[in-house]
Amino acid sequence: MERPFLAFHLSGGTTDALLVTPSEDAPLNIRQVGGSLDLKAGQAVDRVGLLLGLHFPCGPELTALALQWKEPVRVRATLKGSSCCLSGIENQCRKLLAEGHPREEIARVCLESIRAALEGIYKASGMEEVARRTGAVLNYDTGSTHVPNPEGELCKAFDLINPIAGADFIISICKLKSHCMTGLSGGVKNLFGCIPGLTKPEFHWRYPQERDFCGMLLDLCGTVKPGITFVDAVVSMEGDGPSSGDLRQTDMTLCATNPYELDLVLTKVIGRQPEDIPLVDCARERGLCPSSADGVELCGDPLRTFADFRMPRSRTVDFVSSIPRPLRGICEPIIRRYLTPRPKVLKNKCVGCGKCAESCPAHTIAIVDRKACIDRSKCIRCYCCHEMCPIHAIQVKRSRLLKL
Ligand code: SF4
Ligand code: SF4
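Residues numbered from 1 in each chain as written. Chains lettered and ligands numbered in written order. Predicted model: local features only at pLDDT ≥ 70, side-chain atom pairs only at ≥ 80, totals over all residues.

Turning next to the overall build of the protein. Helix and strand content of the protein: 14 helices and 15 strands. Per-residue burial over the protein gives 40% buried out of 404 residues. Sequence-distant contacts, at least 24 apart, represent 67% of the contacts inside the protein between residues at least 6 apart. (Helix = DSSP H or I, 4+ residues; strand = E, 2+ residues; numbered from the N terminus. Buried ≥ 20, exposed ≤ 12 C-beta atoms within 10 Å, placed from the backbone. Contact = placed C-beta atoms within 7 Å.)

This is the structure we're talking about:
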């Protein structure tokens, strides 16, 4: 990389503008230069939606309500440099409700306020200027659409973010990363970003078992149907991916129309067998890809492989699926309690920001004396907290029994 660039990162728990610059000491130097300083857009939508008596996740109902309000509304973004604050939206909507304003108007105020904040960030971070020069279209739609998936094996419908639900053709661009739950984050796992913000943790709650979660991702992929997938594996992540791993220079880009075959090939790139990567193994089981990467037709430069690519130190081990069904009810709680790796807060690093607590689907994290505390008895071992902690203060620890 020779020149700096600005990247915009919007996902379940993020609203960040990132300045990426070349560095001699590291493959990339990444600095956050903007974003939301408090609530994320999805959180603001859900909080206002619940205030109005809507069903969680509130995006679709709030959008439908807002569309019924035809009068202009006055909104103002709260910006601090190239960052914004969204918590004021909830306060403003609460005040309007107390003053007796119609629910439709309040819904409209909420969505227009988010739009104004996004406009402000796009402008302050330079994204608006880039879009103007290149003709790229910036996204202002934070709503979602219910998309049925009758072919799904585990999940028969998904709420998808509107830019995806309304797209004619989907180009998916992902990084190559190790992943502590699915084994690998590539073409299929990347599509989890099509699920609206705060509903992501719900899926961990609904599918706590590793293979069920992978099955859900395969159903999601079958719903989104990406037309083409690119993998930016110039710099990949190995070790404790997807967020606390180490960068690894792998110097390649890959592209495929079949995301399942792509992940199978990525498995070979990182020197693993398909049965080592639960997501790929589940795809093989469903007949979505050949049994081995040798069955995939490749073109371009010869494939490079990295036999020493490091996987997460602690992976979920799905003992439960291998137990006969009648015995699972008895064995599962014991196995989950004693053998599944668990999240551990590194108290000396934790700064008490609360991002882990916001993302925890089991609501089992409390911030006590500005440190995160996990109630282990309620933890479903989904590792969202590990993924969301911005300073890698949550480790995934293997059980002592497994170490033996
Ligand atoms: S563990 Fe991480 S995300 Fe959670 S409060 Fe501490 S610093 Fe924030
Ligand atoms: S504490 Fe972490 S691993 Fe446990 S349920 Fe909450 S987010 Fe998931």
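Now, onward.
Taking every second residue as pointing to the same face, the buried face of strand 14 (residues 371-374) carries Ala372 and Ile374, while none of Lys371 and Cys373 on the other face is buried. Alignment of strand 13 (residues 365-368) against strand 14, held across four bridges, turns out to be antiparallel. Bridge pairing links Ala366 to Cys373 in strand 14. Once strand 13 ends, the chain turns through two residues before running back antiparallel as strand 14, passing Asp369 with a positive phi of about 50 degrees. (Pairing = 2+ DSSP bridges.)

Right, let's talk about the site of ligand 1 for a bit. The environment of ligand 1 is formed by 14 residues, the closest being Cys350, Cys353, Cys356, Ala372 and Cys389. Residue composition of the shell around ligand 1, grouped by class: 11 nonpolar, two polar and one charged. (Near = placed C-beta within 6 Å. Nonpolar A, V, L, I, M, F, W, Y, C, P; charged D, E, K, R; others polar.)

On to the site of ligand 2. As a matter of local geometry, ligand 2 sits amid 13 residues, with Cys360, Ala362, Cys379, Cys382 and Cys385 nearest to it. Classifying every residue of the shell around ligand 2 gives 11 nonpolar, one polar and one charged.

Moving on: unusual backbone geometry. Cis geometry marks the peptide bond from Gly241 to Pro242, where omega comes out at 10 degrees. Tracing the sequence through the fold places Pro242 in the loop between strand 10 (228-238) and strand 11 (246-256). Positive phi values are uncommon outside glycine, yet Asp251 reaches one of about 50 degrees. In this model, Asp369 sits at a positive phi of 50 degrees, which is unusual for a non-glycine residue. Among the secondary structure elements, Asp369 is positioned in the loop between strand 13 and strand 14. The exposure class of Asp369 is exposed, given the 7 C-beta atoms found within 10 Å.

Turning next to the pairing of strand 10. Where strand 8 (residues 171-179) lies against strand 10, six bridges are found, and the strand directions are parallel. Opposite Lys177, over in strand 10, you have Met237 as the bridge partner. In terms of strand pairing, strand 10 meets strand 11 through nine bridges, oriented antiparallel. Its bridge partner being in strand 11, Glu238 is matched across the sheet by Asp246.

For the protein, the average pLDDT comes to 84, and 85% of its residues sit at 70 or higher. The least confident element of the protein, judged by mean pLDDT, is helix 14 (residues 400-403) at 54; the most confident is helix 9 (residues 259-269) at 98. (pLDDT = per-residue confidence, 0-100.)

The next point concerns the packing of helix 1 (residues 41-51) against helix 3 (residues 87-98). Two elements in contact, helix 1 and helix 3, have axes separated by 9 Å at closest approach and are oriented at 15 degrees. For the element pair helix 1 / helix 3, the angle class is roughly parallel. In this structure, helix 1 crosses over helix 3, and the sense of that crossing is right-handed. Taken together, the residues of helix 3 that come into contact with helix 1 (itself represented by Ala44, Arg47, Val48 and Leu51) are Ile89, Glu90, Cys93, Arg94 and Leu97. Looking at the contact of helix 1 with helix 3 residue by residue, the classes come out as six nonpolar, no polar and three charged. (Axes fitted to C-alpha atoms, helices over the stretch in contact; angles between N-to-C directions. Parallel < 35°, antiparallel > 145°, perpendicular 65-115°, else oblique. Left-handed = near helix turned anticlockwise from the far one by under 90°.)

Next up on the list: the sheet that holds strand 10. Pairing is mixed across the open sheet formed by four strands, whose spatial order is 9-8-10-11. Both edges of this open sheet fall to strand 9 (183-185) and strand 11, since each of them pairs with a single strand only. The sheet shows a mean angle of 25 degrees between the axes of neighbouring strands, direction not considered. The sheet contacts of helix 9 involve strand 8, strand 9, strand 10 and strand 11, and relative to strand 11 the element is tilted by about 140 degrees.

Counting residues in hydrophobic clusters, the biggest one holds 55 residues, and the most contacted among them are Leu217, Leu266, Leu279, Cys356 and Cys385. Not counting chain neighbours up to four residues away, the residues in contact with Cys356 comprise Ile365, Ala372, Cys385, Met388, Cys389 and Ile394. Counting 26 residues, the second-largest nonpolar core is a separate cluster that includes Cys84, Leu86, Cys110 and Ile114. (Core = buried A, V, L, I, M, F, W, Y, C linked by C-beta atoms within 7 Å.)

Turning next to the packing of helix 2 (residues 59-67) against helix 4 (residues 103-125). At a minimum axis distance of 7 Å, the contact between helix 2 and helix 4 shows a crossing angle of 110 degrees. It follows from the interaxial angle that helix 2 and helix 4 lie roughly perpendicular. The two elements helix 2 and helix 4 cross, and the hand of that crossing is left-handed. Each of Leu62, Thr63, Leu65 and Ala66 in helix 2 lies in contact with helix 4, whose residues at this interface are Arg103, Glu104, Ala107, Arg108, Cys110 and Leu111.

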